[in-house]
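Residues per chain are reported as follows:
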Amino acid sequence: MDITAETDRGLTGKVLHAYANIEDRRLKLIVSDLIKHLHAFVKETKVTDEEWEFAWDFMERMAEITGPERNEFILLADVMGVSQLIETLNHEEPNQPVGFALVGPFYRAGAPFRERGASTASDDTPGERVRISGRVFDFGSSTPIKGAILDTWQAATNGLYENQDENQPDYNLRGRFRADENGTFELVALMPTAYPVPTDGPVGELLRAAKRPPDRPAHIHFIVSAPGYETLVTQIFVKGDKQVEEDVVFTASKNMVGDFKKEGDHFRLAIDFPLKRGVAKMPKAPIPAEEGHRGRYH
Ligand SMILES: [Fe+2]
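Residues numbered from 1 in each chain as written. Predicted model: local features only at pLDDT ≥ 70, side-chain atom pairs only at ≥ 80, totals over all residues.

A. Spotlight on the overall build of the protein chain. What the protein chain contains, in helices and strands, is six helices and 12 strands. Each of the three principal axes of the protein chain carries a C-alpha extent, and together these read 70 × 45 × 35 Å. Taken over 298 residues, the protein chain has a buried fraction of 30%. Taking as baseline every contact in the protein chain between residues at least 6 positions apart, the subset at least 24 positions apart corresponds to 73%. (Helix = DSSP H or I, 4+ residues; strand = E, 2+ residues; numbered from the N terminus. Buried ≥ 20, exposed ≤ 12 C-beta atoms within 10 Å, placed from the backbone. Contact = placed C-beta atoms within 7 Å.)

What follows is the structure in structure tokens.
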């Protein structure tokens, strides 16, 4: 029995009882488990008045900095490893061929469909180019998945996504591509570079306190979807990049690295996306189509 159980006036039991009438079974479980774990945390850690005041002030400051282009709550969950834990537990199986990644705060809905082989980068976007090709197929049977859709996005070499950067064209470095009848696709993207997550909010304070570098290793985001298949949300990192071990949001892993090969004046990447049978469901976009390009946040 918990040593503080006698001194909490039976509060935890009373509180759980007060929420016992929630009809939806899943909601009732979530609320009661949350109460149990929050109470256990307060008891075990012996949270002081001052610490509680700091906590609600921290949350207030997170809310103040959050808007359509920036979500400090997602960022906190990301740097605490919670977002990646949810993805891993929900989607990954042993020997997962391509890992599931957190969506991240910069996925924007409504990216334009681009022609096979087209570039997501405007001609004046600085940086090296990578030609990416591969195949989308059924993980069980290896049958090609005709018409699968790849939604891709990435940051520019200055570390900014187009919605953060008034110098990039609308939807720059974003695009949707359709696999052909053989499930194959081809596109040109920017050779990815590392960038830091925003550190001018409360999450930045936490990272500094922990002496954690705020950098995300270089990566390109992909969402691969087709009716009848579990939607694959992933990120492709660069094989051999030492930063992969120190991803600030704990996403990068061995089953998300691509072998980017130098070929003349550009790079080449061959990468396949096997999909598992299941329910196709696109993640909610933290940036709605109409909320996009507004230039840098403050
Ligand atoms: Fe990213």
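That covers the picture; the talk isn't over yet.
B. Layout of the nonpolar core. One finds Val136, Ile145, Ala148, Val224, Leu232 and Leu275 to be the most contacted residues of the largest nonpolar core, which totals 54 residues. Broken down by element, this core gets its largest block of residues, five residues, from strand β8 (residues 232-238). Leave out the neighbours within four places in its chain, and Leu232 touches Val98, Phe100, Ile223, Val224, Phe273 and Leu275. (Core = buried A, V, L, I, M, F, W, Y, C linked by C-beta atoms within 7 Å.)

C. Spotlight on the pairing of strand β2 (residues 149-153). Here β2 lies mainly inside the structure; five of its five residues are buried. Burial along β2 is two-sided: Ile149, Asp151 and Trp153 facing one way and Leu150 and Thr152 facing the other are all buried. The sheet contact formed by β2 and strand β3 (residues 174-178) spans five bridges and is antiparallel. Its bridge partner lying in β3, Asp151 is registered against Arg176. (Pairing = 2+ DSSP bridges.)

D. Molecular detail of the sheet that holds β3. The five strands lie next to each other as β3-β2-β7-β8-β9, forming an open sheet whose pairing is mixed. Pairing within the sheet leaves two strands with one partner each, and these edge strands are β3 and β9 (257-258). Across six bridges, strand β7 (residues 219-225) lies against β8 in antiparallel orientation. Considered in β8, the bridge of Phe222 is made with Thr234.

E. Main features of the domain arrangement of the protein chain. Partitioning the protein chain into structural domains gives domain 1 (1-47) and domain 2 (72-291). Look at where the C-alpha atoms of domain 1 and domain 2 centre, and you get two points 38 Å apart. (Domains from an automatic or database assignment.)

F. Just the environment of Glu181, in detail. Checked against the element boundaries, Glu181 lands in the loop between β3 and β4 (184-190). When the C-alpha atoms of Glu181 and Pro144 are compared, they prove to be 7.6 Å apart, with 37 residues separating the residues in sequence.

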